[in-house]
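Examination of the molecular architecture
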Amino acid sequence: MSILFELFLIFAKIGLFTFGGGYAMLSLIENNCVEKKKWITHDEMMNVTVIAESTPGPIAINCATFVGFKQAGLLGALIATFGMVFPSFVIIYTVSMFLDNFLEITLIANAFKGIKVAVGILVLDAAITMIRKMHRRVLPKVIMLCSFAAMLLINIFAWDFSSIALMLVAAAISLAIFCVKGKPGQEGGAEK
């Protein structure tokens with residue numbers, strides 16, 4: 001029973017004190033679940049991040065569900081997910097009930113301007129951590145840099161090109177190279 005309570009508390013704390021969505025929460029999830037609690041490894045965190053990104057739902061909730069399931073099965077997944085969602089639900093519900101013009105309050109508006117900067121730093125921290133933990137191969141880094149440059153150009157010039165299409169192109173290129181080169185240490189393409 002203590003692991004369920006611990007799962008709830010860890011993810012409730014992350015859900016309560018992290019603004020800016022899933023990417024801002026990734027560094028806190030990694031800090032708590034990988035470094036402090038050792039519930040999952042760095043490689044598992046990378047894998048769950050990629051899988052959570054490509055499945056429906058917010059990335060942080062998907063990560064919480066995975067960690068909870070790994071620690072305590074289905075009940076752990078439910079408790080960790082509930083812990084991640086509960087604080088945000090309570091805050092949003094309370095704000096919507098009592099303050100009609102919440103963001104028009106000068107103090108609140110100024111606080112959210114500072115929060116925007118902190119969110120940017122948390123997202124950047126998560127990205128840098130993931131890049132550092134990438135395997136020491138050149139191809140993933142080249143694909144990442146090309147995708148970043150393409151996305152930057154698309155945003156700067158306001159081209160009508162979906163980020164989903166860009167991810168699919170990067171995945172197709174990576175898969176094609178894998179089929180031609182094969183796994184590291186394997187000669188030739190994919191098994192026949």
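Residues numbered from 1 in each chain as written. Predicted model: local features only at pLDDT ≥ 70, side-chain atom pairs only at ≥ 80, totals over all residues. Heavy atoms only, no water.

So, the overall build of the chain
Inclusion rule: Starting at the N terminus, helices and strands are each numbered in turn, a helix being any DSSP run of H or I of at least four residues and a strand any DSSP run of E of at least two. When a residue's accessible area, from a 1.4 Å probe over protein chains only, is under 20% of the maximum for its type it is buried; when over 50% it is exposed; and in between it is partly exposed.
Within the chain, the secondary structure is distributed over seven helices and zero strands. Element order for the chain, N to C, with α for helix and β for strand: α-α-α-α-α-α-α. Principal axes of the C-alpha set define a box for the chain whose edges measure 65 × 50 × 25 Å. The 192 residues of the chain split such that 26% are buried.

Thoughts on the side chain of asparagine 32
As a reminder, the rule being used: Any two residues whose heavy atoms approach within 4.5 Å at even a single point are treated as in contact.
Here asparagine 32 shows up in helix H2 (residues 22-36). Among all residues touching asparagine 32, those that are not within four sequence positions of it are Ile10, Lys13, Ile14 and Lys37.

Things to note about the nonpolar core
This is how the line gets drawn: What we call a nonpolar core is a set of buried Ala, Val, Leu, Ile, Met, Phe, Trp, Tyr and Cys residues that are connected through their side-chain atoms within 4.5 Å.
Counting 22 residues, the largest nonpolar core has Phe11, Ile29 and Met84 as the members making the most contacts within it. At the level of elements, helix H1 (2-17), H2, helix H3 (42-54) and helix H4 (59-98) are the ones that each hand at least two residues to this core. Examining the composition of this core, we find that seven residues originate from one element, H4, more than from any other. What phenylalanine 11 contacts, discounting residues up to four positions off in sequence, is Ile29, Cys33, Trp39, Ala64, Val67, Ala80, Gly83 and Met84.

Section: unusual backbone geometry
The backbone of lysine 38 shows a phi angle near 55°, a positive value even though the residue is not glycine. Along the polypeptide, lysine 38 turns up in the loop between H2 and H3. Relative accessible area serves as the criterion here: at 62%, lysine 38 is assigned to the exposed category. Phi is positive for alanine 158, close to 50°, though the residue is something other than glycine. By the element assignment, alanine 158 lies in the loop between helix H6 (138-156) and helix H7 (163-181).

Side note on the packing of aromatic side chains
Test applied: Ring pairs shown here join Phe, Tyr and Trp side chains whose ring centres sit within 6.5 Å, with only the six-membered ring taken for Trp; geometry is labelled stacked below 30 degrees between planes, edge-to-face above 60, and tilted in between.
Enumeration according to the criterion identifies four aromatic pairs in this entry. Ring centres 5.9 Å apart and planes at 25° place the aromatic pair phenylalanine 8 and phenylalanine 82 in the stacked group. Taken together, the residues phenylalanine 8 in helix H1 and phenylalanine 82 in helix H4 connect sequence positions 74 residues apart. Judged by centre distance (5.2 Å) and plane angle (20°), the ring pair of phenylalanine 157 and tryptophan 159 falls under stacked. Grouping aromatic residues by their ring pairs yields a cluster made of Phe8, Phe82 and Phe86.

Let's talk about H4
The test is simple: Multiplying 1.5 Å by the helix residue count minus one yields the expected span of that helix. Note on bend: at a given residue it equals the angle between the axes fitted to the 7 residues ending there and to the 7 starting there.
Compared with the 58 Å implied by 1.5 Å per residue over 40 residues, the 30 Å span of H4 between its first and last C-alpha is markedly short. Alanine 72 marks the point of greatest bend in H4, at about 145°.

Overview of H6
Here H6 is 19 residues long and its end C-alpha atoms lie 27 Å apart, about the 27 Å a rise of 1.5 Å per residue gives. In this structure, the buried side of H6 is in contact with H7. Positioned one or two residues after H6, alanine 158 has a phi angle of 50°, which is positive.

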